Amino acid sequence: MNQLPILLKREFWEHRVVFLYLPAVISTLMIGILILMGVGLRFDLAEVSVSESNSDGSAEEHYRLEVGPNSSEDINSQQTTLAPLVSRQLRIMSNAPFSYKERTLDELYASVSAVLLFVLFFVIVFYLIGSLYEDRKDRSILFWKSLPVSDGMTVLSKLLTAIVLAPVIFFVFIVLSHIALLLVSTVLALGEPIDLWDTLWAPANLISRWLYTAGFLLFWVLWCSPFTGWVLFISAWAKSVPLGWVVGIPLLLGILESVFTNSTAVSDFMTTHLFVEDFRAMISSHLPTVWNTRALSDVLLEVLVAVVFGMVFVGLAIRQRGHADEL
Amino acid sequence: MSELSSIVTVDGMSKSFGDFVALDGVSFNIERGAIVGLIGPNGAGKTTTLKAMLGLTDFDGDLNVMGIDPREGRQRIMQNVCFISDVGVLPRWIKVSQVIDYIDAVHPRFSRERALELLSSTDIRVGKKVKQLSKGMVTQLHLSLVMAIDADLLVLDEPTIGLDILYRKEFYDRLLNDYFNHETSIIVSTHQVEEIENLLSHLLFIDRGRIVLDSSMDDLSEQYRQVLVNPDQIERARELGPISSREVLGKESMIFEHVDIELLNPLGELHVPSVADLFVAKIQRR
C-alpha cells in the first residue's frame, strides 16, 4: 500500500495557508500593483524622455526612463497631455535593440520570480522547523503514531513536502504570474503601433526563463540538502525552541572554528549550503556563477557531498522520530 | 494463563526518567477477549505502561504484543491495535472528513462506511474541524474512528478524563454495546474506578511503577472479602491481619486478602469489596 500520496495530502491540508493562499495572495498583489502602476502611469506625474548619451555610452542609456518632476520635458505639459507614458515607453521599447528589450522585461519578470522564491525559502524553512516538532508539542503525535505509518515514511513525507511539493506549487505560481503579466502588458499595449510579438513576447524569454528556474530549483534543493536535513533533524530532536537550535549550533560551530583553528572550511560549507550564492541566476536565464567559475565535475562532486550530508541528517531525523514522544 | 491465549505479555518492564523510576519491573499478561482495567493513582506508571505497549516510548525488559516487540515494529502493531489517549490528541486543524480520508488510506482494517454510520448517530458533521468540536465531541469522534477499525487490541488511556458524566457514560456504553465482541481485547487505564468496575473482566493495580494486584474479576471475589465486623469480634478480626480497616457508620469495615471464608464468617457481615475500596486498601498499604 503506497501511503505517500495521502501523507503529502495531509501536509497540504495542514499547511494550506502557506502552501496555497500565501503564494496566491502574493502573486495577485504583485500583478495587481503592476496593473495599477501601468494604468496609473498614464495619468500622473511620470514622464519619459530619451536623453542623449555620451559619445561612448552604452546602448541602454539612449532609452533611459526618467520618472518624476525632474523630467526634461516641461512639467506643466504633463497635466494637459494625455500622451500616456506607457505608450511612449512601448514605442521606445519597440524601436530599441532586442537585448535592451530583454533586459527591460527581465527586470519585470525576474522581480516577480524573486519575490515568490524569497517567500518560498522562508516557507520551506519554517515548515521544516515545525514539521516534526509541532505535533509533539500539541500531543497529536500520539494520534499520528497510533496509525500504521512508519517513522521513515512520516519523515520522508515531510522532506518531500519541503523539497518537491512546496517548490512545485510556488513554481506554478511563478508561471501563472508571468502569464498574467504578459497578458496584462499585451492588453495595455493594444492599439499601439508596435509589433507585440517582437516587443513584449519574444524578449520575455518565458520558456527558457521557466526552464532555468525549474532547473535551478532542482539544483537549489540538492545543493541545500545538508541544511534541509539539519532542520528536519532538529525539528525531530529539539524539546523546545527548534529555531534556536537550528541557528545556534552552526553558529557555535563557526565561532569555535574561528577561535581554535585557522580554517574556515566548516563555516564556508555551512554558509554556502544554506543559500544558493547566486540567487539572481534562479530567476533569470543565466547560469549560476558556481557553474561558470568552477569545473563541472567539481560542482557535481560538491552536490554529491551535500546530498550525502543531507541523507545522513534525514536518517538521524527518522531515528529520532522513532523515539519521539509528546513533549 | 496459557501463552497461546495471551495477546500481550509483559515481563520485567522498567523505565526511568532521570532519578524517577516510572516502571519498576512490571509483569502481566492480557488474554484474548479480556477487558482489563489498569488502575492507579496519578503518576503510578499507567500511561508509560500503555505507551510502551504501543512502541511510543522506550523501556528495558521484555514486552510482546501479538508476537511483536513494540520497539521494533510499531507500524506492524498499529495494524492490529488501536489507541485512544486522553482527550485532545486529535490534531486541531484537521477536518472530520479529512481524518476519515487519512485513516481510510493508511489503515487496511478501517471501514469508512462504519465510521460514517457511527458518526451519523452523533452531532458531529464531517465538514467541521476538530477545533470546532467540544471536548466531549472530540472523544466521540475518536471513539467512532477507532470503532470502525477491526482491531485485536484496543488501548485506552484515561479516555474520558475531563468529560462530563453524560459523555463518560455514553463512551463506555457504546464501547461495550457496539464494539466489544469477545474477540477484541481492551485495556483501559483510569483513576476513576467506579465508572468501569462493571465492564472489567480483569484488574491490574499499579502503584509507583509496580503491579500491586493482578487478578481476574472472578478470582477477586474468592480472594478478597470485606467484613463489617461485629463489635465483639474486633480483636479476633485484627488477629487475622486485614489489609485495611476503617470505620463505616459506627462499624469497623475490614478487607481481608486470602483468608479462609470459614474464619471470616463468624466475624460479621461478608461482602465482596468494591474495586474502589480494594484500590484504597491496596494502595494505602504500601
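Sequence order sets the numbering: in each chain, residues are counted from 1 along the sequence as written. Chain letters start at A and ligand numbers start at 1, both assigned in the order the entries are written. In keeping with the predicted nature of the model, local features appear solely for residues at pLDDT of at least 70, side-chain atom pairs appear and are counted solely at 80 or more, and the whole-chain, interface and lining totals rest on all residues. The side-chain numbers reported here are obtained from all heavy atoms of the structure, hydrogens and water having been left aside.

Trainee: Can you lay out the domain arrangement of chain B for me, pointing to particular residues and giving the numbers?
Mentor: Residues and elements named next belong to chain B. Domain delimitation in this document rests on an assignment produced automatically or drawn from a domain database. What the domain assignment reports for chain B is domain 1 (3-208) and domain 2 (219-285). The distance between the C-alpha centroids of domain 1 and domain 2 comes to 34 Å. Each partner contributes residues to the interface: domain 1 has 11 residues there, and domain 2 has 8 residues. As used here, buried area is the combined drop in accessible area, with a 1.4 Å probe, of two parts when they are placed together. Buried area between domain 1 and domain 2, both sides added, is near 750 Å², and the carbon and sulfur share of it is 84%. Distance and chemistry together define a polar contact, namely a pair of N or O atoms within 3.5 Å, with one atom able to donate a hydrogen and the other to accept it when in protein, and with adjacent residues in sequence counting only for side-chain atoms on both sides. Counting every contact that joins domain 1 to domain 2 gives 1 residue pair in polar contact (both at pLDDT 80 or more). Working definition: helices are DSSP H or I runs of at least four residues, strands are E runs of at least two. Numbering for both runs from the N terminus. Elements supplying a minimum of two residues to the side of domain 1 that touches domain 2: helix 7 (193-196) and strand 8 (202-207). The greatest single-element share of the side of domain 1 that touches domain 2, amounting to 4 residues, is contributed by strand 8. Its residues assigned to classes, the side of domain 1 that touches domain 2 comprises 6 nonpolar, 1 polar and 4 charged. Contacts are assigned to residue pairs that have any heavy atoms within 4.5 Å of one another. When residues are sorted by character, Ala, Val, Leu, Ile, Met, Phe, Trp, Tyr, Cys and Pro go into the nonpolar class, Asp, Glu, Lys and Arg into the charged class, and all the rest, Gly among them, into the polar class.

Trainee: Describe helix 5 (residues 135-147) of chain B, listing the residues and the values that go with them.
Mentor: To estimate the expected span of a helix, count its residues, drop one, and scale the result by 1.5 Å. End to end, helix 5 of chain B covers 18 Å across 13 residues, agreeing with the expected 18 Å (1.5 Å per residue, within 8%). Among the 13 residues that make up helix 5 of chain B, 12 are buried, leaving the element largely enclosed by the rest of the structure. Buried residues in helix 5 of chain B make contact with helix 7 (141-144) of chain A together with strand 5 (81-84), helix 3 (96-106), helix 4 (112-120), strand 6 (153-157) and helix 6 (165-179) of chain B. Partly exposed residues are those whose accessible area sits between 20% and 50% of the maximum for their type, while under 20% is buried and over 50% is exposed, using a 1.4 Å probe and protein chains only.

Trainee: Just give me the short version of the confidence of the model for chain A, but keep the residues and values in it.
Mentor: Residues and elements named next belong to chain A. Per-residue confidence from the predictor is reported as pLDDT, which spans 0 to 100. Counting all residues, the mean pLDDT for chain A is 82, and 79% of those residues have values of 70 or more. No element of chain A has a lower mean pLDDT than helix 3 (residues 75-80), which averages 43, and none a higher one than helix 1 (residues 4-14), which averages 97. Low confidence marks residues 43-83, where pLDDT is under 50. Its contacts with residues over four positions away, or in another chain, come to 45 contacts.

Trainee: I'd like a description of the layout of surface pockets, backed by residues and values.
Mentor: Residue and element names in this part refer to chain A. Within this scheme a cavity is a closed region of a 1 Å grid, computed over the protein atoms alone, that accommodates a 1.4 Å probe without allowing it to escape, whereas a pocket is open but has protein on both sides within 12 Å along at least five of seven lines; lining residues each have an atom within 4 Å of a point. Grid points are joined across faces, edges and corners, and a volume is the space filled by probe spheres set on the points. Its volume calculated, the second largest pocket comes out at about 600 Å³. Around the second largest pocket sit 25 residues that line it, and Phe227, Trp230, Val246, Pro250 and Met270 are the ones nearest its centre. Mapped onto the lining of the second largest pocket, the elements with two or more residues apiece are helix 5 (98-131), helix 11 (225-237), helix 12 (242-260), helix 13 (265-272) and helix 16 (296-322). Residues of the lining of the second largest pocket, tallied by class, amount to 21 nonpolar, 4 polar and no charged.

Trainee: An account of the packing of aromatic side chains is requested, with residue identities and associated values reported.
Mentor: Only Phe, Tyr and Trp rings are paired, with Trp represented by its six-membered ring, and only when their centres lie within 6.5 Å; those with planes under 30 degrees apart are stacked, over 60 edge-to-face, the remainder tilted. What the rule picks out here adds up to 17 aromatic pairs over all chains. Between A:Phe121 and A:Phe122 the ring centres are 5.3 Å apart and the planes differ by 85°, which places this aromatic pair in the edge-to-face class. With a centroid separation of 5.3 Å and 85° between ring planes, the pair formed by B:Phe205 and B:Phe279 is classed as edge-to-face. Within this pair, whereas B:Phe205 is found in strand 8, its partner B:Phe279 is found in helix 11 (residues 275-285), the two being separated by 74 residues in sequence. Classification of B:Phe279 as buried rests on a relative accessible area of 13%. Ring-pair connections join several aromatic residues into one group, and the members of that group are A:Trp230, A:Phe233, A:Trp237, A:Trp245 and A:Phe313. In this structure, A:Arg10 packs its charged tip against the face of A:Trp144, placed 4.3 Å from the ring centre. Lysine and arginine charges are scored as sitting over a ring when NZ or CZ, respectively, is within 6 Å of the ring centre and within 35 degrees of the ring normal.

Trainee: An account of the side chain of B:Ser185 is needed here, citing residue identities and associated values.
Mentor: All names here are of chain B. Within the fold, Ser185 resides in strand 7 (residues 185-190). A relative accessible area of 0% means that Ser185 is categorised as buried. At a separation of 3.0 Å, a polar atom in the side chain of Ser185 contacts the main-chain amide nitrogen of Gly33. Beyond its immediate stretch of four places on either side in the chain, Ser185 contacts Ile7, Ile30, Glu31, Arg32, Gly33, Ala34, Asp152, Leu153 and Leu154.

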